[in-house]
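Understanding the architecture of this molecule
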Amino acid sequence: MEKRDKVYEGKAKIVYLTDDEGLVIQYFKDDATAFNAQKKGTIVNKGAVNNKVSTTLFTHLAGHGIPNHFVKQLSDREMLCKKLSIIPIEVIMRNIVAGSLSKRTGLAEGYVLKRPVIEFYLKDDALGDPMINESHIDVLELARKETLDEVRGCAHKINDILKDFFNSRDIILVDFKLEFGFHHGKVLLGDEISPDTCRLWDKSTKEKMDKDRFRRDLGNVTNAYEEVLKRVQG
Ligand code: TMP
Ligand code: ASP
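Reference entry: report on the structure contained in this document. (Residues numbered from 1 in each chain as written. Chains lettered and ligands numbered in written order. Predicted model: local features only at pLDDT ≥ 70, side-chain atom pairs only at ≥ 80, totals over all residues. Heavy atoms only, no water.)

Let us look at the site of ligand 2. Taken together, the neighbourhood of ligand 2 is formed by Lys 11, Thr 33, Ala 34, Phe 35, Asn 36, Ala 37, Lys 211 and Arg 215. Between ligand 2 and the protein, one listed contact pairs an oxygen atom with a side-chain N or O atom of Lys 211 at 2.8 Å. With the chains in place, 73% of the 270 Å² that ligand 2 exposes on its own is no longer accessible. Residue composition of the shell around ligand 2, grouped by class: 3 nonpolar, 2 polar and 3 charged. (Near = heavy atom within 4 Å. Polar contact = N/O pair within 3.5 Å; in protein donor to acceptor, adjacent residues only side chain to side chain. Areas by Shrake-Rupley, 256 points an atom, 1.4 Å probe, with all protein chains shown as cover. Nonpolar A, V, L, I, M, F, W, Y, C, P; charged D, E, K, R; others polar.)

Okay, here's the thing in structure tokens:
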């Protein structure tokens, strides 16, 4: 597999084309941002950890019938993926109140939701990724109704699978973000699933093991990410 031109550089990853037009390479960086990049920093070894955590989770999801873009891990920080035409919607699934849901509703962080909550955000850095609803998605033609139905169903299934997976590793899956895209006309899960994109709490101590340690200056960020990797890899 030959690495070709860089096509995209985001806050945490770089995407490169390859000599196969259906495949790209995701390179995971140590750079970290929060609050729409107003806060910037580095989390030592984050790229390698997120690559490995994502590899394990994508493989587990594929084994449970969730089609995704993962092909194989190429190196410490590189993952070979199917090339997606990304749907510009960030899908957030929540099991426990935290972060912006706590701010929006006044419910205390840690409140256990009776059923999972699903939210949609417009993937647009310049606008600060505003929350949108299904009517906006329809009128802005961000996704067709059948596509959104598929994405919603898939997000709920992923939540069920990952909640069980993390629970068996003594981790509570509080909430997480997903992105989807099209590959040869099929909807696939894309991006990454890692401590950058999930809230993960230790089952017994409720200690935060995710990017909130960076967002809120709680310290021991690298240790927390590495502990997640250790538990995820069993
Ligand atoms: P929030 O409570 O800040 O809305 O975040 C919900 C979840 O989504 C949390 O697990 C972190 C994740 N997330 C991202 O992956 N990228 C983002 O840009 C934001 C704002 C949140
Ligand atoms: N990654 C996002 C940013 O920099 C936000 C976050 O994860 O908190 O804006």
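What follows continues from the structure just given.
The next subject is the sheet that holds strand β6 (residues 70–73). Within a beta sheet, neighbouring strands are joined by backbone hydrogen bonds and run either parallel or antiparallel to one another. Taken in spatial order, the 5 strands make up an open sheet running β1-β2-β3-β7-β6, and their pairing is antiparallel. Looking at strand neighbours, the two that pair on one side only are β1 (3–9) and β6, the edges of this open sheet. Across the sheet, the mean angle separating the axes of adjacent strands is 30° when strand polarity is ignored. The pairing of strand β3 (residues 23–28) with strand β7 (residues 78–82) spans 5 bridges and is antiparallel. In the strand pairing of β7, Val 24 is matched with Cys 81. (Pairing = 2+ DSSP bridges. Helix = DSSP H or I, 4+ residues; strand = E, 2+ residues; numbered from the N terminus. Axes fitted to C-alpha atoms, helices over the stretch in contact; angles between N-to-C directions.)

Further remarks concern the site of ligand 1. The environment of ligand 1 is made up of 13 residues, and the closest members are Arg 94, Ser 100, Asp 175, Lys 177 and Arg 199. Within the side chain of Ser 100, an N or O atom sits 2.6 Å from an oxygen atom of ligand 1. Relative to its unbound accessible area of 450 Å², ligand 1 is 75% covered by the protein chains. Breaking the shell around ligand 1 down by element, the ones donating at least two residues are β9 (89–96), α2 (99–105), β12 (171–178) and β15 (198–202). For the shell around ligand 1, the element with the most residues is β12, which contributes 3 residues.

Here we come to the packing of helix α1 (residues 46–63) against helix α6 (residues 221–232). Packing of α1 against α6 leaves a shortest axis separation of 10 Å and a crossing angle of 25°. The orientation of α1 relative to α6 falls into the category roughly parallel. Once α1 is placed against α6, the crossing between them reads as left-handed. On the side of α1, the interface is formed by Lys 46, Val 49, Asn 50, Lys 52, Val 53 and Thr 56, while α6 contributes Tyr 225, Glu 226, Val 228, Leu 229 and Val 232. Class assignment of the residues belonging to the contact of α1 with α6 gives a composition of 6 nonpolar, 2 polar and 3 charged. (Parallel < 35°, antiparallel > 145°, perpendicular 65-115°, else oblique. Left-handed = near helix turned anticlockwise from the far one by under 90°. Contact = heavy atoms within 4.5 Å.)

Attention now moves to the environment of Pro 88. Along the chain, the position of Pro 88 falls in the loop between β8 (85–86) and β9. Looking at Pro 88, the relative accessible area reads 28%, which means it is partly exposed. Separated by 34 residues in the primary sequence, Pro 88 and Leu 122 place their C-alpha atoms 6.2 Å from one another. For Pro 88, the residues in contact, after removing those within four places along its chain, are Tyr 121, Leu 122, Lys 123 and Leu 142. (Buried < 20%, exposed > 50% of the residue type's maximum accessible area, 1.4 Å probe, protein only.)

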